[in-house]
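# Descriptive structure summary
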Amino acid sequence: MTSAIWAYVVRGFRIERSYKLTFFGRYVGQLVYVLFTYFLGKVVESGSPTLLREYGDRYFPFLLVGGLFSQYLTTSMRQLPITVRDELMLGSLESTLVTPVPTVLALLGPGLWAQIEATLLLAFGLLLGGRVLGADLTSANWLSALVVAALSLVCLTAWGILSVAFVVVFKRTDPLNWLIGTTIQFLSGVYFPISVLPVWLRAGSYLFPLTYSLMMLRAAILDGASLPALGPSLGILAGLTAVFLPLSILALGRAIQISRQRGSLAHY
Amino acid sequence: MHRPSQAPAIMMEQVSKDYVSGGRVVHALRDCTLSIAQGELVGLFGPNGAGKTTLIHVLSTLIAPTSGVALVGGHDVQLEPLAARMHIGVLTETQRAFHGRLSGRQNLEFFAALHGLSRHEASRRMERLLGEFGLADAADRPVQTYSSGMAQRLHLVRVLLHDPPVLLLDEPTNSMDIQTADLVRHLVKDELVANRGKTVLYTTHDLYEMDRFCERIAIIHQGSIAAQGTVNELLAELAAPQRIRVQLAPGGDATMDALDRLPSVTSLRVVRRQPGSAEVEIALGKGSELELAAVWNALSAHGEALLHLEQLDRDGIGRLLRHYAQSDEETT
C-alpha cells in the first residue's frame, strides 16, 4: 500500500516535471501573488484600516496568511475531481482499477502530487513573505498552525472526495464546485475580516470550515495563539470534519458501487 | 510441457449483466457459464457488440454482474475483488494505460509498484520483458513517441510484469504487424501457457486467428455463450445450413418440388435461368454427406441431367463466422 501511494506521488511529480514551464511557472506565480498581496497591503495600510485592529493594523500579513492558506487548503477540493476526470479522459484509470490497489486509492492517488506541490508552494510563499518582504511572522506558534492546517486539510479534502464521488457517477466535475469555491473565497475571510460583512451574510461565513481555519491560522501565525486558546473554533472544525469525512467516504463508496453496476467505472 | 490441472482458474456460473439504456433494459450478458482450467488457452470469439468486453470487464472486477457468480483463481470477483485482481493481468481493447510524456520504463515502474513489486524485482522483470518484446532500446523514450505496435507491446509487458497466473487479453494483436503478432502468439501459446502454465482467455473477432492458436473456443453471441469446443466440434454442432449450387438441364417444376420435399432441404431458390439450364441454390441442414446423397438421389429420380454441382461454404471457419458474426446493436 505504501509503495502504491509513493508510486502515485512519483508519477505525479514526473508528469508535472515533464511540463517544465508550468512546473516552474507555479513558483513564479506564487512569487507574483505574494508581491501582489504585499503591495495591496501597503496601499490598505496607508489608510489606517481600523477594521484590521485585531490583526495589528497590518493588512499584508493578514492577506498573506489568508491567501496562501486558502489556496493550500482548497487544493484537494479543486484538484481531486479534476485529476480523476483527466484520468478518465486519458483512459489511464481503467488499467489502475484492475491492479490490486483499493479502488479508493486508484481514484484519489492521481491527486496526491498536487497536494504535495501545494505544500511546497505554501512554504515558498510564507518564506518569501516573511523573510524577503518583511511580514512579521516572528511570534507565530507553528505547532498550533500545523495542527489547524492538518485538521483543515482533512476537512476540506472530504469536500474533494465528495466531488470525486460526483465525477465517478456523473462523469463531469461538480458544476457547483466553482460556485462553492468562489463563495468560500468571498465568505471565509480570505481578503478581509468577516466582521466587515453584514450580520446576515456573516451567518453564512460560519457554515464554511475555511472560515474557522483562517481565523485560527491567523491567530496562531500572527498572534502566536496556543491550541487551548483556539478551543471553540478548533472544536467546531473537528465537528465539521467528523461529519464531512465519513459522509464523503460513504458517498465515494456508493458512487463506485453504482458505477460498477452500471458498468461505467472507467467511462468518461 | 505444462498440463492443465482440474481446479478451474476462471469459473463463470450463470453470469448475466443487464443495463438500463435509454429507458430499456439491455442484456449485455445472458446466463454465461464458462470454466477454464489452469494452464488452458481459451479463445473467446464474438462479433463486435456480442459481449466479449463486458465479460472481460466482469472478470477483471470493473463491472458488477447483475446475477451469477464469477471466480478468478478461486476468488469471487464481487466479494474479493482485490484478491481476484492479484491473479490477473488484463489487457483491454481500449488500452490507454500509459502517460505519453513518461518513458516506457517510468510507466512500468508505476504499475510494478501498484502490484507491490520491490524496485529490484521490478527492474529485473522489466529488463527481461522489455528485451523479449524488443523494446529495450526504446524503454527510456516517452511513450507518446512509440508506434501503435510498440505501445501495444508495452501494454503486454505491463500485463506480464507481476507474473499473474491468469491473463485476460482482449484483442492483444490489434495494431501489430504480422511478425510482431506472430511473436506475441508464440509467446502466449508456447511460452506463457505451455511452459509457464498460465491460463489465458484471449478474445478476438478473427476466428481464423483463433483456430490456429487456441486449444478451445467459446463463442459469445448476443451476450450468451452460444457454443464451446474446438473448431471441429463447433462445426459438428452447427445448425447453420450448408449450401450447394446445382446446374440442371432443364430445372423442371417436378424436380424442384421433389427437392423441396426433402426434410434436409431448408431452402431452395433459382439463382439463374438460362435457355436449357437452371441454376439452383439449395440450403441443407446438418450432416453434409448424407444430405448431398439425398439431393443426388432426388435429382436422379427425376431424370435430371446434373451439369454442375458446387459445394458452397467449404471453409468451415467461414461458416462459423457467417453464422455467428452478426452485429448485435443491443449488446455491448
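Everything here concerns the structure above.
Scope of this entry: the structure provided in the associated data block. Everything numeric in this text was worked out from a predicted model, so none of it was measured.

## Here's the deal with the overall build of chain B
Counting secondary structure elements, chain B contains eleven helices and 14 strands. Looking at chain B alone, contacts between residues at least 24 apart form 72% of all its contacts between residues at least 6 apart.

## Details of the packing of helix 3 (residues 59-73) of chain A against helix 7 (residues 112-132) of chain A
Residue and element names in this part refer to chain A. Helix 7 packs onto helix 3 with a crossing angle of 170 degrees between their chain directions and a minimal axis gap of 9 Å. One finds that helix 3 runs roughly antiparallel with respect to helix 7. Two secondary-structure elements touch here, helix 3 through Leu64, Leu68 and Tyr72 and helix 7 through Ala118, Leu122, Gly125, Leu126 and Gly129. Grouping the constituent residues of the contact of helix 3 with helix 7 by class yields six nonpolar, two polar and no charged.

## Concerning the pairing of strand 12 (residues 265-274) of chain B
All names here are of chain B. The buried count for strand 12 comes to one of ten residues, which makes it a mostly uncovered element. Direction of pairing for strand 12 relative to strand 13 (residues 277-284): antiparallel, over a ladder of eight bridges. Among the inter-strand pairings, Ser267 is bridged to a residue of strand 13, identified as Ala283. Here strand 12 folds back onto strand 13 in antiparallel fashion, the turn holding two residues, of which Gly276 has a positive phi close to 90 degrees.

## Digging into the sheet that holds strand 3 (residues 41-45) of chain B
All names here are of chain B. With mixed pairing, the six strands of this open sheet are ordered in space as 6-7-8-3-9-10. Of all strands in the sheet, those with a lone pairing partner are strand 6 (88-91) and strand 10 (224-229), marking the two edges. Geometrically, the sheet is characterised by an average inter-axis angle of 15 degrees between neighbouring strands, direction not taken into account. Each of strand 6 and strand 7 (166-170) is contacted by helix 5 (residues 148-160), which is oriented at about 165 degrees to strand 6, the strand it contacts most. Against the sheet, helix 6 (residues 178-195) makes contact with strand 3, strand 7 and strand 8 (199-204), and its axis sits at roughly 160 degrees relative to strand 8, the strand it touches most.

## Considerations on the interface of chain B and chain A
With 29 residues of chain B in contact, the opposing surface of chain A contributes 26 residues. Contributions of two or more residues to the side of chain B that touches chain A are made by strand 1 (8-21), helix 1 (52-59), helix 2 (81-86), strand 6 and helix 3 (104-114) of chain B. The element best represented in the side of chain B that touches chain A is helix 3 of chain B, accounting for five residues. Class assignment of the residues belonging to the side of chain B that touches chain A gives a composition of 15 nonpolar, ten polar and four charged.

## Digging into helix 7 of chain A
Structurally, the α-helix is built with 3.6 residues per turn, so residues lying three or four positions apart point the same way. Its 21 residues place the ends of helix 7 of chain A 30 Å apart at the C-alpha level, agreeing with the 30 Å of an ideal helix rising 1.5 Å per residue. Following helix 7 of chain A by one or two positions, Gly134(A) has its phi on the positive side, about 80 degrees.

## Looking at the sheet that holds strand 2 (residues 24-37) of chain B
Pairing is antiparallel across the open sheet formed by four strands, whose spatial order is 2-1-4-5 (chain B). The open sheet has two edge strands, strand 2 and strand 5 (75-76) of chain B, and neither has a second partner.

## Considering the packing of helix 1 (residues 2-18) of chain A against helix 3 of chain B
Between helix 1 of chain A and helix 3 of chain B, whose axes approach to 8 Å, the crossing angle comes to 160 degrees. The orientation of helix 1 of chain A relative to helix 3 of chain B falls into the category roughly antiparallel. Where helix 1 of chain A crosses over helix 3 of chain B, the handedness of that crossing is left-handed. On the side of helix 1 of chain A, the interface is formed by Ser3(A), Ala4(A), Trp6(A), Ala7(A), Arg11(A) and Arg14(A), while helix 3 of chain B contributes Gln106(B), Phe110(B), Ala113(B) and Leu114(B). Along the lines of polarity and charge, the residues of the contact of helix 1 of chain A with helix 3 of chain B split into six nonpolar, two polar and two charged.

## What to know about the pairing of strand 9 (residues 216-221) of chain B
Note on strand geometry: in a regular strand, side chains alternate between the two faces of the sheet. All names here are of chain B. Across the six residues that make up strand 9, a large majority, five, are buried. Relative to strand 10, strand 9 runs antiparallel, the two sharing five bridges. Following the sheet pairing, His221 is matched in strand 10 by Ser224. A loop of two residues connects strand 9 with strand 10, the two strands running antiparallel in sequence, and Gln222 in this loop sits at a positive phi of about 50 degrees.

Reading guide: rules and limits
- Residues numbered from 1 in each chain as written.
- Chains lettered and ligands numbered in written order.
- Predicted model: local features only at pLDDT ≥ 70, side-chain atom pairs only at ≥ 80, totals over all residues.
- Helix = DSSP H or I, 4+ residues; strand = E, 2+ residues; numbered from the N terminus.
- Contact = placed C-beta atoms within 7 Å.
- Axes fitted to C-alpha atoms, helices over the stretch in contact; angles between N-to-C directions.
- Parallel < 35°, antiparallel > 145°, perpendicular 65-115°, else oblique.
- Nonpolar A, V, L, I, M, F, W, Y, C, P; charged D, E, K, R; others polar.
- Buried ≥ 20, exposed ≤ 12 C-beta atoms within 10 Å, placed from the backbone.
- Pairing = 2+ DSSP bridges.
- Expected span 1.5 Å × (residues − 1).
- Left-handed = near helix turned anticlockwise from the far one by under 90°.

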